Each structure stands twice: as structure tokens, then as C-alpha cells.
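What follows is each chain in one-letter form.
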Amino acid sequence: MLNVGIIGCGSIARQRHAAEYTNNQNTVIAGVFDVSRERAEAMAKDFGGKVYETVEALIADASIDAVSVCVANAFHAPITIDALNHGKHVLCEKPMAITLKDCEDMLAAAEKSGKRLLIDHNQRLTPAHKKAKEIIASGELGRVISFSATFGHKGPEMWSADKSSNTWFFKKNAAAFGSMADLGIHKIDLMRYLIGSDVKNVFSRLATLDKKFPDGTPIEVDDNSVEILTFENGALGTVTTSWTHYGEECNASSLYCEKGTIKLYHDPRYSLQVVYADGTKAHYELDRMQTNDDVQQRTSGVIDVFVDSILTGKKSVLDADDILNSMRVVFACLESAESGRIVEL
Ligand SMILES: NC(=O)c1ccc[n+]([C@@H]2O[C@H](COP(=O)([O-])OP(=O)(O)OC[C@H]3O[C@@H](n4cnc5c(N)ncnc54)[C@H](O)[C@@H]3O)[C@@H](O)[C@H]2O)c1
């Protein structure tokens, strides 16, 4: 049995990590910590585990085998590195860290400690995305020529444990990034994963169009973005992100291949549809997209992948070394938005 600790006891910790550790037969939640004592106590009450006084005390406890890092973005790297240095396996939330150096330091700490470091890129694991990977890899549709991917919802202030437009998600010092990195990292990583190639260059525009703090001033990070990505293998496409999709959430992608189109999460019933070049269609009734509007977060499979990789010592589909290459694209997008130029990777 693995003793796990959960650091940060907000929404994703509760909806995904705690719920999925509870359902995993090889784990027990042994410790929790949050800068909000109240939130840590509520988590321990609902899911078990000791409430630690400090993050250092939890990390120093030799009886804890692995930790989930579910805190605001700016604290992912220091907490992850400290935990790895103390011999813990780490599952860190996305976006991996707020600078490229932090991401590289996290990987170096994992290599030095010999412990597992995974990043919560749950989109790689959804049934429709797994099936799309299989179809593309089989070659039956030929190569991916172009793509479009969108991730938009009504905003993290509706989801975060704060439930306030004064949320850390809107502040540069805690979040560092806005919608582009918060949501775009999922789609950038997914396109890299499905297409099976790396990004060659990017052009990105970020904007703060609507979100405001309670005093009416605009938030400090972007609430909308558009990215144009060119892949090494020639595929060209867009990633669009938004925190102002007030109607309904969109989490859909299309991949336009030589012999047809793969449509992902466009239809509420058929999460994957293939439209062949001759007009025939195949509909796959696999799953519904996990959205912030529902509680499907607790069946992502991320914890099972983390636990399996610890128990077997084998590489996993969520390993940080590959996710780092998706983060390089995020940093290139930030540079492009800042300079107004195409940025080569
Ligand atoms: N993989 C996904 O699909 C997904 C979904 C949602 C959020 N996330 C990520 O998870 C992380 C947490 O997001 P959330 O939605 O749960 O936010 P949240 O605001 O609901 O919870 C964050 C919690 O972390 C605590 N915290 C902040 N800094 C801390 C620190 N230094 N030490 C200890 N506790 C600290 C806060 O008090 C809060 O309880 C973010 O990085 C976010 O991007 C990932």
C-alpha cells in the first residue's frame, strides 16, 4: 500500500486526486496540507489523512511515499523539487511550472532522485482521445494535414475553491499565465500527442477582453488567446482558448487528414466521429468530455497511471520529460504574443 500526501486541497485535489486515490486499491491518503487550514481539515474529514502544520513537515515525513501537488501554478516547482529531493514520487498539476528553467529543474530533480514525476495531462487519457491516437497511428486516414482545437469555459473563478473573481487564477504572482497556458497547454499537448510530431514554430495573440477583479479593474492575465502552430511534419493548425465562453463549454478538436476528418467531442453522444473522404461516417459512442460543468473529473484515470508507474517503475504516458516539450511551446507562445513575431522552437 502506498501512503500518499495531497498538497493543496482545492477543487482539482478534491474532484480528481482525492476521489481517485480513494478508488485506487493500492493507495491510502495519509496526509494533507493547504495554506488554508480549514480546507485541509475539510479534505481530511472527507477523505482521511493527517493534517500537517507545514508543507515541509509533510514532505519530510518518511512514511509518505508519493505526493500530489495541487497548488497554484507558481508553487508547483518549489514544492515538487523539495518532494523529489525527499524521495517522494510526484504527480504535479498542469501547467508544469511557470518558467522553462523551473520545468528543467523539476526533471533534473526527478532524474537525481530516481523517483517518478508525472504531470496531470488527463486529456491524453480520455477514451475518445485514446481512440483517435490509435486511428492516426494505424495510418488508415493518412497523415494529419491540419487541425483546430478549442478549450473554452466561463472562467476559473466559477471552478476554483475561492469561487470569487479575486481568485489567484487572475493574478500574475500566483498564476503567471492566463487562459492560454491554463487551457491551451491541454490542447497543445494533445495535438503533439495525437499528431506524433513536435512543434516547429508558433504565432500567438493573447488578450484580456472581459474578466475583471471585484473592484472593476481588468485581471492581470489573458482571458482569451489564439495560437497558430506549425509542426515539424508540416501539419498546421490553431489552438483557441477562452475563459469567457459564458454559454456552454467547448472542448472540441478536429484533425483533418488525407483520407478524412476526426472530430472529437463535437457531438454530445458520439465523442469521436470519423468523416471519410467518400462521405461515409463512423460514430463512436465512447464517453462524454470531462468538463468543469460536471463531476466527471473523478474518473480521469490519472491516479491509476501514476500509481502503476510507481509500482512497476515503468515510463508512463504522463511522464514529465515529454510534457516539458509541450511547455516549451507554451513559453514560445508567450514570447510570440509579447514580440508580435513568429517564434521558432
Ligand atoms: N489537470 C486539470 O485538468 C486541472 C483542472 C483544474 C485545475 N488544475 C490545476 O490544479 C492546480 C490547482 O487548481 P485548483 O483548480 O484546484 O485551484 P483551487 O483554487 O481550487 O485550489 C488551490 C488550492 O491550493 C492552495 N494553495 C495555494 N498555494 C499554496 C501553497 N503554496 N501551499 C499549499 N497550498 C496552497 C489554496 O489554498 C487552494 O486551496 C492549478 O495549477 C491548476 O492549473 C488542473
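Residues numbered from 1 in each chain as written. Predicted model: local features only at pLDDT ≥ 70, side-chain atom pairs only at ≥ 80, totals over all residues. Heavy atoms only, no water.

Caption draft 1: Here's a closer look at the domain arrangement of the protein. Per the domain assignment, the segments of the protein are domain 1 (2–119) and domain 2 (123–294 + 318–344). Between domain 1 and domain 2, the C-alpha centre-to-centre distance is 25 Å. Taken together, the contact between domain 1 and domain 2 spans 23 residues of the former and 25 residues of the latter. Summed over both sides, the interface between domain 1 and domain 2 buries roughly 2000 Å², with carbon and sulfur atoms accounting for 65% of that surface. (Domains from an automatic or database assignment. Contact = heavy atoms within 4.5 Å. Buried area = accessible area lost by both parts, 1.4 Å probe.)

Caption draft 2: Looking closely at the packing of aromatic side chains. Considering all chains together, one arrives at five aromatic pairs under this definition. Both rings, one in Phe170 and one in Trp243, keep their centres 5.6 Å apart while their planes meet at 45°; by these two values the pair is tilted. Residue Phe170 is found in the loop between β7 (144–152) and α7 (172–175), and its partner Trp243 is found in the loop between β10 (236–242) and β11 (253–257); the two are separated by 73 residues along the sequence. What links up through ring pairs into an aromatic cluster is the set Phe170, Phe213 and Trp243. One cation-aromatic arrangement involves Lys133 over Tyr193; the distance from NZ or CZ to the ring centre is 4.5 Å. (Phe/Tyr/Trp six-rings, centres within 6.5 Å; stacked < 30°, edge-to-face > 60°. Helix = DSSP H or I, 4+ residues; strand = E, 2+ residues; numbered from the N terminus. Lys NZ or Arg CZ within 6 Å of the ring centre and 35° of its normal.)

Caption draft 3: Structural detail: the pattern of salt bridges. Enumeration over the complete set of coordinates arrives at 20 salt bridges. Note that Arg37 is salt-bridged to Glu53, the shortest N-O span being 2.9 Å. One end of the pair, Arg37, is in helix α2 (residues 37–47); the other, Glu53, is in the loop between β3 (50–51) and α3 (55–60), with 16 residues separating them in the sequence. Relative accessible area serves as the criterion here: at 37%, Arg37 is assigned to the partly exposed category. Among the salt bridges present, the one from Arg328 reaches Glu104, with a minimum N-O distance of 3.6 Å. Here Arg328 is found in helix α11 (residues 320–339), whereas its partner Glu104 is found in helix α5 (residues 100–113), with 224 residues between them in sequence. Residue classification places Glu104 among the partly exposed residues on the basis of a relative accessible area of 36%. (Salt bridge = Lys/Arg side-chain N within 4 Å of Asp/Glu carboxyl O. Buried < 20%, exposed > 50% of the residue type's maximum accessible area, 1.4 Å probe, protein only.)

Caption draft 4: Geometry of the sheet that holds strand β15 (residues 343–344). Spatially, the nine strands line up as an open sheet ordered β14-β13-β12-β11-β7-β10-β9-β8-β15, and their pairing is mixed. Since the sheet does not close on itself, it has two edges, and those belong to β14 (281–284) and β15, each with one partner. Taken together, the five bridges between β7 and β11 define a ladder with antiparallel strand orientation. Following the sheet pairing, Ala149 is matched in β11 by Ser253. Sitting on the sheet, helix α6 (residues 127–138) touches β7, β11, β12 (260–264), β13 (272–276) and β14, and the angle it makes with β12 is about 165°. Sheet contacts for α11: β8 (199–207), β9 (224–231) and β15; angle to β8, the most-contacted strand, approximately 55°. (Pairing = 2+ DSSP bridges. Axes fitted to C-alpha atoms, helices over the stretch in contact; angles between N-to-C directions.)

Caption draft 5: Structural context of the site of the ligand. By nearness alone, 28 residues border the ligand, and Asp34, Arg39, Asn73, Trp159 and Ala161 come closest of all. Within the complex, the protein chains bury 92% of what would otherwise be the 840 Å² of accessible surface of the ligand. Looking at which element gives the most residues to the shell around the ligand, the answer is helix α1 (residues 11–23), with three residues. Along the lines of polarity and charge, the residues of the shell around the ligand split into 13 nonpolar, eight polar and seven charged. Mapped onto the domain boundaries, the shell around the ligand takes at least three residues apiece from domain 1 (2–119) and domain 2 (123–294 + 318–344). (Near = heavy atom within 4 Å. Areas by Shrake-Rupley, 256 points an atom, 1.4 Å probe, with all protein chains shown as cover. Nonpolar A, V, L, I, M, F, W, Y, C, P; charged D, E, K, R; others polar.)

Caption draft 6: Spotlight on the environment of Ile342. Following the sequence through the fold, Ile342 ends up in the loop between α11 and β15. Of the residues examined, Ile342 reaches a relative accessible area of 54% and is grouped as exposed. In the structure, Ile342 is positioned 113 residues away from Leu229 in sequence and 9.7 Å away in space, judged by C-alpha atoms. With near-sequence residues (within four places) excluded, Ile342 lies in contact with Asn201, Val202 and Phe203.

Caption draft 7: Geometry of the pairing of β12. With four of its five residues buried, β12 lies for the most part within the structure. With five bridges connecting them, β11 and β12 associate as antiparallel partners. Within the sheet, the bridge partner assigned to Ser254 lies in β12 and is Lys263. Counting the residues in the hairpin turn of β11 and β12 gives two residues.

Caption draft 8: Representation of α1 within the structure. Here α1 is 13 residues long and its end C-alpha atoms lie 18 Å apart, about the 18 Å a rise of 1.5 Å per residue gives. The largest bend in α1 amounts to roughly 25° and is located at His17. Across the 13 residues of α1, 10 count as buried, placing the element largely inside the fold. Looking only at α1, the buried set comprises Ser11, Ile12, Ala13, Gln15, Arg16, His17, Ala18, Ala19, Glu20 and Tyr21. (Expected span 1.5 Å × (residues − 1). Bend = angle between axes of the 7 residues up to and from the residue.)

Caption draft 9: Representation of the state of the cysteines within the structure. Applying the stated criterion across every chain, the model contains zero disulfides. Cysteine Cys9 shares no disulfide, and the gap to the nearest cysteine sulfur, in Cys70, comes to 8.0 Å. In this structure Cys9 comes out as buried when scored by relative accessible area, which is 3%. On the basis of relative accessibility, which here comes to 10%, the residue Cys70 falls in the buried class. (Disulfide = S-S within 2.5 Å.)

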